[in-house]
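Commentary on secondary and tertiary structure
Spelled out, the chains give:
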Amino acid sequence: MITFFKHSLEGFLCFGKSSQLSPCPLLKCDKAPGYDEEGNEITTSVVGVKFQIENTTNGKFTTYPDQAVLVTSTGEQIDMPDMLVSDPLGGEIDKGVIKEGDVIWYLQRGNAEKIEWIKLKWTAHVGGEDELDGEMKEYEVELKLK
């Protein structure tokens, strides 16, 4: 079974008044295709979040939601999404740019359908990737799923 949820994170990615992370559909599934360590196809559990990032400022900002830490109500913490199946959303976002894509975490313990909430944690800063002296923000967002 695949369960979809829709949450709004609007305003969470905000430098000044103008950058935003739009509503994010979220899914959890215990029957997703995957691979084991030997490359054999298996059925596995996943959590996926669709991000839409829009920079409406006059400058750049850098963020990495595609490297967000996922914490679940079932006691799992996944420190890095699967970069091979997730869309490359992170990095420098210039003015006027809209980036959209899916970020996927494979669960180690399974039981995606039992998850009641998730927490996402990631960072962002004002300026380009090499401008590390800009304003830094750390985001921690909890989303209820039931």
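Residues numbered from 1 in each chain as written. Predicted model: local features only at pLDDT ≥ 70, side-chain atom pairs only at ≥ 80, totals over all residues. Heavy atoms only, no water.

1. Some remarks on the packing of aromatic side chains
- Counted according to the given criterion, the structure contains two aromatic pairs.
- Both rings, one in Phe 51 and one in Trp 122, keep their centres 5.9 Å apart while their planes meet at 80°; by these two values the pair is edge-to-face. Taken together, the residues Phe 51 in strand 4 (residues 41–55) and Trp 122 in strand 10 (residues 117–126) connect sequence positions 71 residues apart.
- Overall, Phe 51 belongs to the buried group, its relative accessible area being 0%.
- Classification of Trp 122 by relative accessible area gives buried; the value is 4%.
- These aromatic residues form a ring-pair network of at least three members: Phe 51, Trp 122 and Tyr 139. (Phe/Tyr/Trp six-rings, centres within 6.5 Å; stacked < 30°, edge-to-face > 60°. Helix = DSSP H or I, 4+ residues; strand = E, 2+ residues; numbered from the N terminus. Buried < 20%, exposed > 50% of the residue type's maximum accessible area, 1.4 Å probe, protein only.)

2. Digging into the confidence of the model for the chain
- Across the chain, the average pLDDT comes to 81, with 82% of residues at 70 or higher.
- The weakest mean pLDDT in the chain belongs to strand 1 (residues 2–7) at 42; the strongest belongs to strand 7 (residues 77–78) at 97.
- Within the model, the stretch residues 1–23 combines pLDDT values under 50 with 79 contacts to residues more than four positions away or in other chains. (pLDDT = per-residue confidence, 0-100. Contact = heavy atoms within 4.5 Å.)

3. Some remarks on the side chain of His 125
- By the element assignment, His 125 lies in strand 10.
- Given the relative accessible area of 6%, His 125 is considered buried.
- Side-chain polar atoms of His 125 contact the backbone oxygen of Gly 128, separated by 3.0 Å.
- Reaching out from His 125, the side chain makes a polar contact with the backbone oxygen of Glu 131 at a distance of 3.4 Å. (Polar contact = N/O pair within 3.5 Å; in protein donor to acceptor, adjacent residues only side chain to side chain.)

4. Focus on the nonpolar core
- Residues Leu 70, Trp 105, Ile 118 and Leu 120 are the most contacted members of the largest nonpolar core, which totals 21 residues.
- Elements represented by at least two residues in this core include exactly strand 4, strand 9 (98–106), strand 10 and strand 11 (136–144).
- Here the element with the most residues in this core is strand 10; it accounts for four residues.
- Leave out the neighbours within four places in its chain, and Leu 120 touches Val 49, Phe 51, Val 69, Leu 70, Trp 105, Tyr 139, Glu 140 and Val 141. (Core = buried A, V, L, I, M, F, W, Y, C linked by side-chain atoms within 4.5 Å.)

5. Here we look at the environment of Asp 30
- The residue Asp 30 is located in strand 3 (residues 24–35) in this model.
- For Asp 30, a relative accessible area of 24% puts it in the partly exposed group.
- In sequence terms Asp 30 and Leu 107 are 77 residues apart; their C-alpha atoms lie 9.1 Å from each other.
- There is a polar contact of 2.6 Å between the side chain of Asp 30 and the backbone nitrogen of Ala 112.
- Polar side-chain contacts of Asp 30 include one of 3.1 Å to the backbone nitrogen of Glu 113.

6. A closer look at the pattern of salt bridges
- For the structure on display, the rule yields six salt bridges.
- As a salt-bridge pair, Asp 102 and Lys 50 come within 3.5 Å of each other at their nearest N and O atoms. Placement of the pair is Asp 102 in strand 9 and Lys 50 in strand 4, with a sequence separation of 52 residues.
- Overall, the relative accessible area of 30% leaves Asp 102 in the partly exposed class.
- Between Lys 60 and Glu 92 there is a salt bridge, with the nearest N and O atoms lying 3.3 Å from each other. Note that Lys 60 is positioned in the loop between strand 4 and strand 5 (61–63) and Glu 92 in strand 8 (residues 91–93), a separation of 32 residues in sequence.
- The partly exposed category is assigned to Lys 60, whose relative accessible area is 34%. (Salt bridge = Lys/Arg side-chain N within 4 Å of Asp/Glu carboxyl O.)

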